[in-house]
Amino acid sequence: MRTKIVQYIGLNMRPSVIPDFDLLDALSTAVILVDDRLRLVRANTAAQSLTATRETQLIDISLPEILPGADELIAAVRRALLEGRSFTERDLDLRLVRSSATTVDCAITPLWRDGRDPSLVLIEMTNLERHQRIQLQSNMLMRNQVSSVLLQGLAHEIKNPLG
């Protein structure tokens, strides 16, 4: 399997040279795989970190139990199974069982094994907390710079009135 992946991306390395690791666990995006009953099949390291739960504790647990109150996400996963097409949900607020609430963007992709209907759904969740914090700091910096320019102009006018 690793040889095929490496050949696909254009690297012709011998299998003995390739480090033995799971590519999903190398991602910073939380990846969850659920079956058609919405039971968790696989969760990468980022998903385990997001839910503050080890994968062994998540396997075969239903998505509504893992992400209570994530009705929009669960509805999108069900739609992906029924319609067989991908969805993207933005700015979803998730309440997590073992940690605080967070905001995520989700990409939901149905997967087929055998047959005409999708049997699995891949859920990719990007945590937006860091992005929102950076945006807030950027906005505060911009406001601070604007205030500084206004105060400099005001100080100049106090020293040197126009009229």
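Provided above is the structure to which this section pertains.
Report follows, based on the coordinates. Computed from a predicted structure; not experimentally measured. Counting starts from 1 at the beginning of each chain's written sequence and moves along it residue by residue. Local features in a predicted model are, by the rule used here, given only for residues with pLDDT of at least 70; side-chain atom pairs are given and counted only at 80 or more, and totals for whole chains, interfaces and linings are based on all residues. Side-chain calculation: all heavy atoms of the structure are included, whereas hydrogens and water are not.

## Focus on the environment of Leu63
1) Next: When you line up the elements, Leu63 lands in helix α4 (residues 63–66).
2) Next: Taking the C-alpha atoms as reference points, Leu63 and Leu73, ten residues apart in sequence, are found 9.4 Å from one another.
3) Next: Residue contacts are defined here by distance: any two heavy atoms, one from each residue, within 4.5 Å place the two residues in contact. Those residues in contact with Leu63 that lie beyond four places of it in its chain are Val34, Leu38, Ile74, Val77 and Ile123. For helices the rule is a DSSP run of H or I covering at least 4 residues; for strands it is a run of E covering at least 2, with both sets numbered from the N terminus onward.

## Describing a nonpolar patch on the surface
1) Next: A cluster of nonpolar side chains, Met142, Val146 and Leu150, forms an exposed patch at the surface whose accessible area comes to about 310 Å².
2) Next: Locating Met142 in the fold gives a position in helix α6 (residues 129–159).
3) Next: Think of it in three bands: with a 1.4 Å probe and only protein chains considered, a residue is buried below 20% of the maximum accessible area for its type, exposed above 50%, and partly exposed in between. A relative accessible area of 47% means that Met142 is categorised as partly exposed. The patch calculation keeps residues exceeding 30% relative accessible area without a salt bridge and links them within 9 Å when they carry like charges or within 5 Å when they are nonpolar (Val, Leu, Ile, Met, Phe, Trp, Tyr). To measure how exposed things are, a 1.4 Å probe is used in the Shrake-Rupley method; for residues, cover is taken only from the protein chains shown. Whenever a carboxyl oxygen of Asp or Glu lies within 4 Å of a side-chain nitrogen of Lys or Arg, that contact is scored as a salt bridge.

## A look at the packing of aromatic side chains
1) Next: In this scheme Phe, Tyr and Trp rings, the latter by its six-membered ring, pair at centre separations within 6.5 Å, and the angle between planes marks the pair as stacked below 30 degrees, edge-to-face above 60, and tilted otherwise. Under the defined criterion, the tally for this structure stands at zero aromatic pairs.
2) Next: Note that Arg79 overlies the ring of Phe87, its terminal NZ or CZ placed 4.1 Å from the centroid. Lysine NZ or arginine CZ positioned within 6 Å of the ring centre and within 35 degrees of the ring normal marks a charge as sitting over the ring.

## Concerning the nonpolar core
1) Next: Side-chain atoms within 4.5 Å are what join buried Ala, Val, Leu, Ile, Met, Phe, Trp, Tyr and Cys residues into a set we call a nonpolar core. Leu67, Leu73, Val77, Ile108, Ile123 and Met125 are the most contacted members of the largest nonpolar core, which has 30 residues in total.
2) Next: Sort the elements by how many residues they give to this core and helix α5 (residues 71–83) lands first, with six residues.
3) Next: Apart from residues lying up to four places away in sequence, Ile123 is in contact with Ala30, Val31, Ile32, Val34, Leu63, Leu73, Val77 and Ala107.

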